[in-house]
Amino acid sequence: MSRLNRAEVLNNIPLTDREFILRLKLPPGSLSPMPGQFYLLRATNTFDPLLRRPFSAFRWSDEWVDFLISEKGKGTLVLKSLRPGDEIDLLGPAGNYFPPPSGDMKLLVVAGGIGIASVFSILREYNGDSVLFYGARSSDALLIRKDIEDFSGEVVLCTDDGSIGFKGSVVERLRLYINERTPEKAIVYACGPEAMITALKTYMKETGLRGYISLEERMACGVGACMGCVKNTSEGMKRVCIEGPVFPVEVL
Amino acid sequence: MNLTVKIGKMVMKNPVTTASGTFGYGQEYAEFVDLNCLGAVTVKGISREPRQGNTPPRIFETPCGMLNSIGLQNVGLEAFLKEKLPYLRGFDTNVIVNILGGTIKEYIELAEALDGRVDAIELNVSCPNVKKGGILFSSDEAIFRELIREVRKNVVNSTLIVKLSPSASSILSQARICEEEGADAISMINTIPAMAIDIESRRPRLSNIIGGLSGPAIRPIGVRMVWEVHKTVRIPIIGMGGIMTAGDALEYILAGATAVAIGTANFVDPTTTMKVLKGIEDYMRNHEIEDFSSLIGGLIWDREGR
């Protein structure tokens, strides 16, 4: 089964002024993604926007896949305007995935802003006792709260302005949690903005906490050819589209 | 229908190849394209030693195009010969290897190691990304000439192609030097040095500040330059720069290109090479053209205009 397909838009539901959930019909027989994998979407036949845009598989069934997308520019604006019945180009699933936890580990899922799109599926797909640390600027930027509560054992909300939950960053809150509960066997799965990733990396290295972080980078080919989406790691330049997007914290 | 073209000693079953740096080492695209159907596979530029390339961010999309400053990240000669070339040799297609060096000696060593083991060697004298690399060779005509002369001495069995930069002070003069020094062919155009700025942070979009612009935005510039070079030299030209469709490829061919390379379009649609090839065949059928070579430089024009 080819990873390059035409896919029908089943629905496209706005969550806020900027965020929306795009549901695409998966071609029969296509591979299902794993948590952390992504697809490259292209909705136009014109050359502006030009390149495909990569998005994490947010949730899926055998028949469809959902993408939680935030409008950032031309590419996402085109996707936001799609209507049911439209057809777009779909390439994927692509990249590696969050390795499933082994044994009875405490899953510490850390999401900042739209980063929830990449880690939400861990709560659905992987077994284990999970805590979700989910942070954003303010309460109205914390998306899909109902769905989250359905799937996560425990949800810890954090906002910069304190409008709901803990006032402060998810990393600060994670630190409090670890200090209080000192879970014996824990694994972190995380995705979020750069500032969050930097703070999380530092904290995890300090404490020896193990885990995986999904990174974002502008992408061109998405198949490992162009070397455009690399990140500098302790093992050299790594392509986010092939060797990533998920990296063990110790190489970052 | 005859689609065969000849570039130096290299016979291509059709005029479609890939632009260096946009098709990896072939393997990355084998899932989408039957590599046997390509006239040639042109691989990512190879240096003597492996290169890490530039610090990210390395790419940024601009209207109908993209900037890149990859910085020539590649596996190096030894790994290429051991790990990448044997795979490509399993296909019935030509292999063109783009080479780059910091000194003439490095280019010579690469040429010696590859001569006879690959169908063609493409000299990258015009990559705008690495400060000590290509740009120096293409910006000084005496050094440019010396480089081609020295490499030519070491390329005996393979075809030698020189890739020209659109930012050279005179691309016509460089094309003449290529011909005089015995290069078999010219490939053109490389990306155009360009820049974009994030006005909120006031920082450049690329960590290297300047990158190479590619994509459909640059195609008319490429077509013009191929036309001018075609009128100036007799050696064949591999035309490239923003080819997205068969129509775009045919513009280059009518302007004087013997073969065409698909670059950025591979990122947009990994099957572009096959669509371009099919479109050229359809065009020939519709226009009752039996021999592809009759299209090369087939532009109809007169000196009074149009």
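Quick caveat, the model's predicted, so the values are computed rather than measured.

Analysis parameters
Residues numbered from 1 in each chain as written. Chains lettered and ligands numbered in written order. Predicted model: local features only at pLDDT ≥ 70, side-chain atom pairs only at ≥ 80, totals over all residues. Heavy atoms only, no water. Axes fitted to C-alpha atoms, helices over the stretch in contact; angles between N-to-C directions. Helix = DSSP H or I, 4+ residues; strand = E, 2+ residues; numbered from the N terminus. Parallel < 35°, antiparallel > 145°, perpendicular 65-115°, else oblique. Left-handed = near helix turned anticlockwise from the far one by under 90°. Contact = heavy atoms within 4.5 Å. Buried area = accessible area lost by both parts, 1.4 Å probe. Salt bridge = Lys/Arg side-chain N within 4 Å of Asp/Glu carboxyl O. Polar contact = N/O pair within 3.5 Å; in protein donor to acceptor, adjacent residues only side chain to side chain. Nonpolar A, V, L, I, M, F, W, Y, C, P; charged D, E, K, R; others polar. Buried < 20%, exposed > 50% of the residue type's maximum accessible area, 1.4 Å probe, protein only. Phe/Tyr/Trp six-rings, centres within 6.5 Å; stacked < 30°, edge-to-face > 60°. Lys NZ or Arg CZ within 6 Å of the ring centre and 35° of its normal. Pairing = 2+ DSSP bridges.

Asker: Any chance you could explain the packing of helix α4 (residues 141-154) of chain B against helix α5 (residues 171-180) of chain B here in plain terms?
Answerer: Helix packing geometry: the angle between the two helix axes and the distance between the axes. Residues and elements named next belong to chain B. It is at 9 Å that the axes of α4 and α5 come closest, and there the two elements cross at 30°. Here α4 lies roughly parallel to α5, going by the angle between them. Note that α4 runs across α5; the crossing there is right-handed. Within the contact between the two elements, α4 uses E141, F144, R145 and I148 and α5 uses S173, Q174, I177, C178 and E180.

Asker: I keep staring at the interface of chain A and chain B and nothing clicks. Help me out?
Answerer: Interface size is often expressed as the accessible area that is lost when the parts come together. Counting residues at the interface gives 29 residues for chain A, matched by 34 residues for chain B. In this assembly, chain A packs against chain B so that about 2500 Å² is buried in total across both faces, 65% of it on carbon and sulfur atoms. At the surface where chain A touches chain B, the tally comes to 2 salt bridges. Among the ionic pairs, E31(B) bridges to R3(A), the shortest N-O distance being 2.5 Å. Where chain A touches chain B, the interface holds 7 residue pairs in polar contact (both at pLDDT 80 or more). At the level of secondary structure, the elements contributing two or more residues to the side of chain A that touches chain B comprise β14 (230-233) and β15 (236-239) of chain A. For the side of chain A that touches chain B, the residue count by class is 15 nonpolar, 4 polar and 10 charged.

Asker: In this structure, what is going on with unusual backbone geometry? I would like to understand it.
Answerer: Leaving glycine aside, a negative phi is the common case for residues, and trans is the common case for peptide bonds. Residues and elements named next belong to chain A. Following G92, the chain continues to P93 via a peptide bond in cis, the omega torsion being 0°. For P93, the location among the structural elements is in strand β7 (residues 87-94). For the peptide bond that leads from G244 to P245, omega is 10°, which places it in the cis range. If you trace the backbone, P245 turns up in the loop between β15 and β16 (246-248). Although it is not a glycine, M227 adopts a positive phi angle of roughly 65°. Looking at where M227 falls in the secondary structure, it is placed in the loop between β13 (211-214) and β14. On the accessibility criterion, M227 (8% relative accessible area) is buried.

Asker: Explain the packing of aromatic side chains to me, please; I cannot follow it from the model alone.
Answerer: Ring pairs (aromatic) are described by centroid distance and by the angle formed between their planes. Counting across every chain of the model gives 12 aromatic pairs over all chains. Between Y39(A) and F67(A), the ring centres sit 5.6 Å apart and the planes meet at 85°, which makes this aromatic pair edge-to-face. Remark: F67(A) occurs in strand β6 (residues 64-70) and Y39(A) occurs in strand β3 (residues 38-42); sequence separation between them is 28 residues. Per residue, the accessibility class of Y39(A) equals that of F67(A), and both read buried. Pairing Y87(B) with F91(B) gives two aromatic rings, centres 5.2 Å apart and planes at 65°, and the pair type is edge-to-face. Through pairs of rings, three or more aromatic residues link up here, namely F98(A), Y126(A), Y189(A) and Y212(A). The ring of W64(A) is capped by R23(A), whose NZ or CZ atom sits 3.5 Å from the centre of that ring.

Asker: What is the right way to read the sheet that holds strand β2 (residues 19-25) of chain A from this model?
Answerer: Strands in a sheet are paired, the pairing made by backbone hydrogen bonds, and the direction either parallel or antiparallel. All names here are of chain A. In spatial order, the strands read β4-β3-β7-β1-β2-β6-β5; together these 7 strands make up an open sheet with antiparallel pairing. In the strand order of this sheet, the two ends are held by β4 (53-56) and β5 (59-60), each with one partner. For β3 and β4, the ladder comprises 4 bridges, and the chain directions are antiparallel. Counted as the bridge partner of L40 is P54 from β4.

Asker: Help me understand the sheet that holds strand β8 (residues 120-124) of chain B in this model?
Answerer: Residues and elements named next belong to chain B. The sheet built from 8 strands is open, its strands ordered β3-β16-β15-β10-β9-β8-β7-β4 with parallel pairing. The sheet terminates laterally at β3 (16-18) and β4 (40-46), the two strands that pair on one side only. Across the sheet, the mean angle separating the axes of adjacent strands is 30° when strand polarity is ignored. Two strands pair when backbone bridges link them, and β8 and strand β9 (residues 159-163) are joined in this way by 5 bridges, in the parallel orientation. Following the sheet pairing, E122 is matched in β9 by I161. Packing of helix α1 (residues 77-89) onto the sheet brings it into contact with β4 and β7 (94-99), and relative to β4 it is tilted by some 165°. Strands β3 and β16 (259-262) of the sheet are contacted by helix α9 (residues 272-286), whose axis makes an angle of about 160° with β3.

Everything listed here is a matter of coordinates, which is why it stays silent on function.
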